Amino acid sequence: MAKIYENIALIGIGLIGSSIARDIKAHGLAGKVTISTRSAATLKRAEELGLGDAYVADAAEAVRDADLVIVSVPVGASGAVAEQIAGSLKPGATVTDVGSTKASVIAQMQPHMPEHVHFIPGHPIAGTEHSGPDAGFAGLFVGRWCILTPVPGTDPDAVAKLRDFWNALGSKVEEMDPLHHDKVLAIVSHLPHIIAYNIVGTADDLETVTESEVIKYSASGFRDFTRLASSDPTMWRDVCLHNKDAILEMLARFSEDLAYLQRAIRWGDGDKLFDLFTRTRAIRRSIIEAGQDTAAPNFGRNGASLEVKAGE
């Protein structure tokens, strides 16, 4: 596969950043990859894994010759990174990110972006519950969606080139309004994780009452909630704080629907329960038909392996 960018700088090298680095190398998408992260230990580990060609602690130094800069940090840190690198970005460079909230990232980063660069926020909808450079792997983005939310006036050629990059990683790419993106992700990703954290927290409170039975007898449903609830706490704290309005709207809708379900159970309304469970079962089938999961028994788990990928 041909190079798409000569020099790429990765700011942040966790699960997403390290997976991008592995795919760049696997497909020959760049002539040089420079990696930067604040943690000296993480930077050293990235070098031990051979994820890039150069490793620097200073993000401003890392982006100096970059044609593409990918900011892969918790969304709450994106503004500080943008301010740090702004003065070192070369004319014509493209700056993007991988955060799962977009309106907040734009508000934080855009004021620092020089006029001579292309700022194209992005969000690859892929991931696992694991974090750090060791957690990444080539092929993470294959068949997954990457949403781009270009700001008004962005050069269409720059957007097309970034689209080609994500296509080369195996992603399907779509452009979307930032606020619409945040509302969609609030229901398909943010709310499920919040509910999982809450349910597991409730179970933790009950654990002392039931003398370890919550853990001992965990069935697949609770087990899968614990998988979502084991995702990176810093990332999910920032998601809640930076997509607050959309998440609160979806939580209100969820609370209303939960009250409806509660009434149906209290009054023994089997028809309403059956209708709800039938309707939601169809959603699961639609997800499988869209290629976003597998219909294999036990979600494709094999034997003792219980790990399942979880979109962010």
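The text that follows walks through the structure, step by step, so that each part is easy to find. (Residues numbered from 1 in each chain as written. Predicted model: local features only at pLDDT ≥ 70, side-chain atom pairs only at ≥ 80, totals over all residues. Heavy atoms only, no water.)

## Section: the sheet that holds strand β3 (residues 54-56)
Logical step 1: As summarised here, the arrangement of the six strands in space is β3-β2-β1-β4-β5-β6, forming an open sheet in which the pairing is parallel. The sheet is open, and its two edges are formed by β3 and β6 (118-119), each paired on a single side.
Logical step 2: The pairing of strand β1 (residues 5-11) with strand β4 (residues 68-71) spans four bridges and is classified as parallel. Note that in β4 the partner of Ile8 across the bridge is Leu68.
Logical step 3: Most of the contacts of helix α1 (residues 15-27) go to β1, to which it runs at about 160°, and overall it touches β1, β2 (30-36) and β4.
Logical step 4: Seen against the sheet, helix α2 (residues 40-48) touches β2 and β3 and runs at an angle of roughly 175° to β3. (Pairing = 2+ DSSP bridges. Helix = DSSP H or I, 4+ residues; strand = E, 2+ residues; numbered from the N terminus. Contact = heavy atoms within 4.5 Å. Axes fitted to C-alpha atoms, helices over the stretch in contact; angles between N-to-C directions.)

## Digging into the pairing of strand β5 (residues 94-97)
Logical step 1: By the alternation rule, side chains of β5 split into Thr94 and Thr96 and Val95 and Asp97, which are all buried.
Logical step 2: By the bridge criterion, four bridges tie β4 to β5 in an arrangement that is parallel. Following the sheet pairing, Leu68 is matched in β5 by Thr94.
Logical step 3: What joins β4 to β5 is helix α4 (residues 78-85), and the crossover it makes is right-handed.
Logical step 4: Both β5 and β6 contribute to a ladder of two bridges, which runs parallel. Residue pairing for β6: Thr94 is matched across the bridge by His118. (Buried < 20%, exposed > 50% of the residue type's maximum accessible area, 1.4 Å probe, protein only. Right-handed = clockwise from strand over helix to strand, strands pointing away.)

## So, the packing of aromatic side chains
Logical step 1: This model, assessed by the stated rule, comprises three aromatic pairs.
Logical step 2: A centroid spacing of 5.3 Å and a plane angle of 80° characterise the contact between Phe141 and Trp166, whose relative ring orientation is edge-to-face. Linking Phe141 in the loop between β7 (122-124) and β8 (145-148) with Trp166 in helix α6 (residues 156-168), this pair joins segments that are 25 residues apart in sequence.
Logical step 3: Given the relative accessible area of 1%, Trp166 is considered buried.
Logical step 4: Ring geometry for Phe165 and Trp166: centres 5.7 Å apart, planes at 80°, overall edge-to-face. (Phe/Tyr/Trp six-rings, centres within 6.5 Å; stacked < 30°, edge-to-face > 60°.)

## Here we look at the sheet that holds β8
Logical step 1: Taken in spatial order, the three strands of this open sheet run β7-β8-β9, and their pairing is mixed. Single-partner strands in this sheet number two, and they are β7 and β9 (172-175). Each neighbouring strand pair of the sheet contributes to a mean axis angle of 20°, computed without reference to strand direction.
Logical step 2: For β8 and β9, the ladder comprises four bridges, and the chain directions are parallel. Bridge assignment links Cys146 to a residue of β9, and that residue is Val173.
Logical step 3: On the sheet, α6 packs against β7, β8 and β9 and is oriented at approximately 150° with respect to β9.

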